[in-house]
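An overview of the molecular structure
The chain contents come next:
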Amino acid sequence: MIVKSLYKNDVFEWIDIQDMKYENISEISKQYKINILHLKDCINTNHLPKAEDLGEIKFILARTSSEPGNKFLNSINDISTKVGIFIKENLVLTIHRVDNERIKKLSEELKNGTFQAANPYRVALELGSGILKSYRKENINLLEKMEKIENDIFTKTDSNSNEIKRLYRLKRRASLNLKLLSISNEWVNFYDKLPIEKIEFNDLKDTYTEVMSGFEYLNSQSTSLISLFLALTDQRNNESMKILAVYSAYFLPITFLASLYGMNFQEMFGIDHEYGFYWMLGIMVVIVIVTSIFMKRKNVK
């Protein structure tokens, strides 16, 4: 466990705890007067986002977007990591398992004076905004991947099974992010209960609406792209079958004659004739020519 004081002034202090273990919970609970159950929520791997008003303490448990840790993408835990935020009048306590870029950047902004935080609620607001912006970055990343896959589908002449795998993985990531954002509505709306400016909450809500609509679009587009890919694959397969059918039309009569005369009956036409073999070759050539003329008239390609 790593405990750091990221910022302190006359009004409040910001304490950050990284990689808290179960054996540390009792100590943290006593030191900051936080319920043990809420601290356990912060290290419960599969806990969903939520927000609670505990009177003196406001508790927000959110999930920030992260790189997929599992190639199978089975749950929201594979595409996100938790950030617990406890807010008191004189304290901000953040708990997370892995390094968080927004926490690092915000602490630096506080120290060098580029961000003026009058109270801990402004810090919590910036953290919430940073969490939502991590989904914006993920959405842009997935959109770029989808455009590349779409370009590969339309420019390549052959179907590749790897493309459908890439599409499925992209859709899976988009669906999980959309699901996660849907259940994050509670903690986003919770900011309206905090003593912050209404315009600040509206800005946070706008960011939430933006990333939600972005993933909804991405999810629907990836679904359409999968359907389009399967349709194009069927079309290419049909073209291949069409070519085989055309070749069959040429060779089926010739194959029939070859099989018929392969039976070697004595009474067959031309079997004993001096030029019988050449007669059969001529007939086969005529059949091919007639079939070719017929195909051209019917505009069969």
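**Quick look at empty space enclosed by the protein**
- Scanning the entire structure with this criterion turns up 1 cavity of 30 Å³ or more.
- By volume, the largest cavity amounts to about 40 Å³.
- With 3 residues, the single largest contributor to the lining of the largest cavity is strand 5 (residues 80–88).
- Classifying every residue of the lining of the largest cavity gives no nonpolar, 4 polar and 3 charged.

**Structural notes on unusual backbone geometry**
- Here the phi dihedral of aspartate 19 falls at roughly 60 degrees; this positive angle occurs in a residue that is not glycine.
- Structurally, aspartate 19 is set in the loop between strand 2 (13–18) and helix 1 (25–32).
- Take aspartate 19: its relative accessible area is 28%, and that puts it in the partly exposed class.
- The phi dihedral of lysine 33 falls on the positive side, at around 55 degrees, and the residue is not glycine.
- Structurally, the position occupied by lysine 33 is in the loop between helix 1 and helix 2 (36–43).

**Here we look at the layout of surface pockets**
- By volume, the largest pocket amounts to about 530 Å³.
- Around the largest pocket, the lining comprises 19 residues; the ones closest to its centre are Thr64, Ser65, Glu101, Ser134 and Lys137.
- Residue assignment for the lining of the largest pocket shows that the elements contributing at least two residues are strand 4 (58–65), helix 3 (101–112) and helix 4 (120–155).
- Take the lining of the largest pocket: its biggest share by element is 8 residues, from helix 4.
- Among the residues making up the lining of the largest pocket, the classes are represented as 1 nonpolar, 9 polar and 9 charged.
- Approximately 200 Å³ is the volume attributed to the second largest pocket.

Criteria and thresholds
- Residues numbered from 1 in each chain as written.
- Predicted model: local features only at pLDDT ≥ 70, side-chain atom pairs only at ≥ 80, totals over all residues.
- Heavy atoms only, no water.
- 1 Å grid on protein atoms, 1.4 Å probe; cavity = no way out; pocket = protein on both sides within 12 Å on 5 of 7 lines; lining within 4 Å.
- Points joined across faces, edges and corners; volume = space filled by probe spheres on them.
- Helix = DSSP H or I, 4+ residues; strand = E, 2+ residues; numbered from the N terminus.
- Nonpolar A, V, L, I, M, F, W, Y, C, P; charged D, E, K, R; others polar.
- Buried < 20%, exposed > 50% of the residue type's maximum accessible area, 1.4 Å probe, protein only.

Remember that the coordinates give geometry; whether it matters functionally is a separate question.
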